[in-house]
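# Residue-level structural notes
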Amino acid sequence: MSEAFPRRNGRLHAEALPVERIVEAVGTPVFIYSASELAARYDALDAAFSAVPHSICYAIKANMNLAVVRTLVARGCGVDVTSGGELFRAQQAGGDPSQFVYSGVGKTDAEIDQALAAGIRMFNVESRAELRVIDARAAQRGVVAPVSFRVNPDVDPQTHPYISTGLSSSKFGIPIAEAVDAYAEAKALEHVRVVGVACHIGSQIVVLDPIVDALQRIRDLVIELREAGHTIELLDVGGGLGITYDRERPPSAAEYGGAIVATVGDLGCHLIAEPGRWIAGNAGIFVARVLYSKHNGDTHFAVIDGAMTDLIRPTLYQAYQRIEPVGPPRAGTRVVDVVGPVCESADFLAQQRELPILERDDLLAVHSAGAYGFAMSSNYNGRCRAAEVLVKGDRYEVVRTRDRFEDLIRGESIPEDLIR
Ligand SMILES: *Cc1c(COP(=O)(O)O)cnc(C)c1O
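I will try to describe carefully the structure that is included in this document.

To continue, consider the packing of aromatic side chains. Taken as a whole and judged by the stated rule, the model has 6 aromatic pairs. An angle of 70° between the planes, with centres 5.1 Å apart, marks the rings of F149 and Y183 as edge-to-face. Pair noted here: F149 is in strand 9 (residues 145-152) and Y183 is in helix 7 (residues 179-188), with a separation of 34 residues, a long-range link. Relative accessible area serves as the criterion here: at 1%, F149 is assigned to the buried category. Among the residues examined, Y183 registers a relative accessible area of 0% and is labelled buried. Through pairs of rings, three or more aromatic residues link up here, namely F31, Y33, F286 and F374. Between the NZ or CZ atom of R41 and the centre of the ring of W278, over which it lies, the distance is 4.5 Å.

And the structure:
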């Protein structure tokens, strides 16, 4: 059981606050984040790399709430962005663009211009075609863009196929076998400056071997590139460190950082790590209310007011997320499917899960919902996206209000003359 969400006197708390107290004021469904846990996790990873010059660049796509990002950047954390919208958010949260890296396989011209104007630390370039566009956009502004290539070491991260990114068959990055040629091309361009090498092999990685394997290959590449006359100051080791959703035993921050430093620490590079899930995942829960208990045939259902539109991981990745009642559990258990109101059979948060007997109005907490929860939410089925709350100690603040109906139609219009 996490420190951030302890059970006291039978009731689930967020730090020092009873979850029921927050729900009474804010309603359901709601995401609740622990500011102390976010900070502690950033600090732990920062400490894990303390033997070498390094930066932690939080992968903002995991949880882009301004207050969450602010909690991290206020401690000196950088940001890994993957779109113009994320770059905007990172700046709105008060992040320092000179601490931003920009990854992403499909950067548009407008996004490249935006990143050049902001003055980011480094573009992680994912194709030679992109390199040429960055060079051209930088030339037009009369600036020189700092670049590294995202290199695919062709290592299997042993995770879900949808979140494996470092295989030679993936759409990301460039194959390691083509890296030397790609860097030679970069060197010949006037408006890009090679500063480093980047790799990111996947997400929810719970064993160190693939990470170390990948970095051994990257290490050889760095040496080869330096021999070819390139300046490799930055080594971006990517993100992907996994967390415990169920019974996974991922390496600790210290073990992770230690293994990386042991593999590439002697290269003299400034290391960049891009954790998303590891920082935010277990710093958040999702709380929903039971609307109905029903059974069809032999299957029992708990129908809740949260759905796949709030938390799509169970549906998209067949992911397990631990669920427990917020209040004191009732006696007896039952195997249930925890489902939402959306008109899709894929709308479930758990299937065939043994839970204490549930009744109408009971509150359920879905754990490990701080990363890839709200960030992947949608308005499908005309659903208002959930509220988000940040807790510190015994205080809390609504850091994003629940969508109102007006939010659902923002930007839409009815062109009467086209319809009549
Ligand atoms: C998604 C992503 C990350 C973060 O992944 P986590 O598994 O959340 O740590 C880091 N770097 C890149 C390039 C990514 O696409």
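Next comes the rest of the description.
As for its position among the elements, D135 is in helix 6 (residues 128-141). Once residues lying within four places of it in the same chain are set aside, the contact partners of D135 are L189, E190, H191 and V192.

On to empty space enclosed by the protein, then. As enumerated under the stated definition, the model contains 1 cavity of 30 Å³ or more in all. Roughly 60 Å³ of volume is contained in the largest cavity. Around the largest cavity sit C199, H200, I201, I211, A214, L215, V237, G239 and Y256, which together line it. Of all the elements, helix 8 (residues 209-227) adds the most residues to the lining of the largest cavity, at 3 residues.

Another point: the pattern of salt bridges. Proximity of charged atoms lets side chains of opposite charge pair with each other. One pass over the structure, following the stated rule, counts 19 salt bridges. Between D109 and R137 there is a salt bridge, with the nearest N and O atoms lying 3.5 Å from each other. Highlighted residues: D109 in helix 5 (residues 109-118) and R137 in helix 6, separated in sequence by 28 residues. On the basis of relative accessibility, which here comes to 38%, the residue D109 falls in the partly exposed class. A salt bridge links R128 to E185; the nearest nitrogen and oxygen atoms lie 2.8 Å apart. Residue R128 is located in helix 6, and its partner E185 is located in helix 7; the two are separated by 57 residues in the primary sequence. What you see here is one network of salt bridges that share partners, running through R7, R322 and E324.

About the cut-offs
Residues numbered from 1 in each chain as written. Predicted model: local features only at pLDDT ≥ 70, side-chain atom pairs only at ≥ 80, totals over all residues. Heavy atoms only, no water. Phe/Tyr/Trp six-rings, centres within 6.5 Å; stacked < 30°, edge-to-face > 60°. Helix = DSSP H or I, 4+ residues; strand = E, 2+ residues; numbered from the N terminus. Buried < 20%, exposed > 50% of the residue type's maximum accessible area, 1.4 Å probe, protein only. Lys NZ or Arg CZ within 6 Å of the ring centre and 35° of its normal. Contact = heavy atoms within 4.5 Å. 1 Å grid on protein atoms, 1.4 Å probe; cavity = no way out; pocket = protein on both sides within 12 Å on 5 of 7 lines; lining within 4 Å. Points joined across faces, edges and corners; volume = space filled by probe spheres on them. Salt bridge = Lys/Arg side-chain N within 4 Å of Asp/Glu carboxyl O.

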